[in-house]
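Letter by letter, the chains look like this.
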Amino acid sequence: MEIKEFKDRVFTAGQAAGLEEMEIYVSQSKHFSARVFQKEVDDYTVSVEQGVGFRARFSGKVGYSYVEILDQDSVELLVDGAKANAQIIDSADEIEFFQGSPSYPEVVAFNPSLEAVSTEERIEFAKALEAEALATDERVSMVNYAATGYSETEVYMANTKGLEQSFHRNGAIGFVSAVIREGEQVKTGARMVFGNNWDKFDAKQLAQDAVKEATSLLGAGSVPSGDYPVLLRHDVARDLLATFASVFSAEAVQKGLSLLEGRLGQQIASSKVTIIDDPLLKNGGASATFDGEGVATRTKRVIESGQLTTYLHNLKTAKKDGVESTGNASRPSFKSPVGISPTNFFIEPGTMSYDELISKMGHGIIIIDVQGLHSGANPVSGDFSLGAYGYLVEDGQIVRPIEQITVAGNFFKVLETVEEIASDLEFGSPGHRGHIGSPTLLIRDLSIAGM
């Protein structure tokens with residue numbers, strides 16, 4: 001059954017059952033992934049997920065239900081399910097059905113040529129990642145991960161108040177991890193790329209960069225414990241921002257789960273720091289014209305020159321605070337309730353290159369990877385203590401690799417002590433918590449526990 005016909009049948013059946021306001025949220029996702037090991041495909045996955053989330057008001061309460069098939073039986077299941085659910089809901093939160101924004105922006109996030117790339121070509125890319133990594137250096141003992149993936153999402157949303165919108169986006173990913181062995185030393189280097197322009201996926205460059213990083217870590221040792229100026233490389237800074245992104249959610253603030261409560265309009269970061277949430281970013285991994293409640297999206301400077309300017313809101317949190325929604329209502333899938341998440345969320349890049357930041361730091365440590373973000377970071381307090389490795393810098397030059405260190409600090413303090421920001425903005429892989437990016441950050445000092 002076509003989506004619009006299905007929508008009409010659901011709304012007609014709902015009205016006959018006494019439902020007052022109704023909304024459907026239809027999503028279809030396609031996923032492909034392939035991993036190569038020793039020239040053979042050792043993991044291959046293709047999946048398609050489609051379903052309809054349904055919300056309806058009955059006797060003043062809003063009930064939820066969902067189905068995965070668009071047929072007449074599902075119409076009845078949705079209506080009966082939402083009606084029954086509404087009668088057992090205890091929440092006092094008032095849920096609004098949005099009538100639609102005056103206008104919606106145009107967003108470029110779907111590339112038909114990426115969709116047209118054949119499965120064979122995607123697999124050949126993964127094989128090329130492995131082959132190029134092995135050919136780069138004779139010390140490469142194994143390519144433990146060479147993979148590629150493709151994802152596509154299409155969302156349609158409509159309600160009985162006149163809202164009807166849709167969007168479509170896609171993207172691809174490439175990842176390679178190479179193991180270097182020299183004597184008793186074993187080191188690993190990895191690289192990842194995400195985008196929706198297949199022409200920019202360069203297997204040779206990606207593989208060479210992974211191998212180069214692995215070889216650069218040979219001979220690593222620790223350093224004396226102490227406070228050091230630290231360069232958080234773009235991927236580490238990005239992962240740290242992703243870990244603590246929830247503190248900007250108005251829901252977290254209202255529940256007392258964010259230390260940013262009451263700090264709107266205040267200076268909470270270095271004047272160098274501007275953090276942007278941009279759902280309109282061209283070809284962004286989380287770009288969309290509307291959010292999970294149908295509100296038109298817009299670009300926001302969450303932090304501007306160090307000042308906290310807004311929290312991220314959905315309709316419920318916005319009403320509590322007496323403000324407008326920022327268009328950050330999220331639905332990870334049609335089965336999910338409405339929450340809040342960032343979209344394309346990133347620290348605005350500066351003008352200095354990565355090498356110029358190293359030179360400016362003079363003496364200090366570059367962190368290129370951390371471990372334990374899920375267990376060693378507290379999103380409420382902002383505290384973190386993480387295993388790490390990277391490089392020691394003296395007189396503006398990298399002098400040797402370092403390992404067996406722990407970096408500890410506080411996310412809010414990191415924001416306050418950013419001294420310079422590089423121009424090398426890079427995004428990771430998009431997920432349910434948004435598409436997070438960051439350039440390299442020069443931090444005044446962080447605690448390093450070494451030997």
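Now for a description of the structure that goes with this document. If you're wondering where the values come from, they're calculated on a predicted model, not measured in any experiment. (Residues numbered from 1 in each chain as written. Predicted model: local features only at pLDDT ≥ 70, side-chain atom pairs only at ≥ 80, totals over all residues. Heavy atoms only, no water.)

1. Description of the sheet that holds strand S3 (residues 61–67)
Then, number 1: Spatial ordering of the open sheet is given by S3-S2-S1-S4-S5-S6, a layout of six strands whose pairing is antiparallel. At either margin of the open sheet sits one strand with a lone partner, and together these are S3 and strand S6 (185–195). With direction set aside, neighbouring strand axes in the sheet form an average angle of 15°.
Then, number 2: Summarising the sheet, strand S1 (residues 21–37) and strand S4 (residues 140–159) pair through 14 bridges and their orientation is antiparallel. Within S4, the position partnered with Lys30 by the bridge is Glu152.
Then, number 3: The strands that helix H4 (residues 119–136) touches are S1, strand S2 (40–58), S4 and strand S5 (164–182); relative to S4, the one it contacts most, it runs at about 150°. (Pairing = 2+ DSSP bridges. Helix = DSSP H or I, 4+ residues; strand = E, 2+ residues; numbered from the N terminus. Axes fitted to C-alpha atoms, helices over the stretch in contact; angles between N-to-C directions. Contact = heavy atoms within 4.5 Å.)

2. Considerations on unusual backbone geometry
Then, number 1: Notably, Ser59 is not glycine yet its phi reads approximately 55°, a positive angle.
Then, number 2: Tracing the backbone shows Ser59 in the loop between S2 and S3.
Then, number 3: Classification of Ser59 by relative accessible area gives exposed; the value is 56%.
Then, number 4: Positive phi values are uncommon outside glycine, yet Ser305 reaches one of about 50°.
Then, number 5: Considering the arrangement of structural elements, one finds Ser305 in the loop between strand S9 (300–304) and strand S10 (307–308). (Buried < 20%, exposed > 50% of the residue type's maximum accessible area, 1.4 Å probe, protein only.)

3. Some words on the layout of surface pockets
Then, number 1: Looking at the second largest pocket, its volume works out to about 320 Å³.
Then, number 2: At the level of secondary structure, the elements contributing two or more residues to the lining of the second largest pocket comprise S2 and S3.
Then, number 3: At three residues, S3 tops the list of elements feeding residues into the lining of the second largest pocket.
Then, number 4: When grouped by side-chain class, the residues that make up the lining of the second largest pocket number six nonpolar, three polar and nine charged. (1 Å grid on protein atoms, 1.4 Å probe; cavity = no way out; pocket = protein on both sides within 12 Å on 5 of 7 lines; lining within 4 Å. Points joined across faces, edges and corners; volume = space filled by probe spheres on them. Nonpolar A, V, L, I, M, F, W, Y, C, P; charged D, E, K, R; others polar.)

The quantities given are spatial measurements derived from coordinates; they are silent on function.
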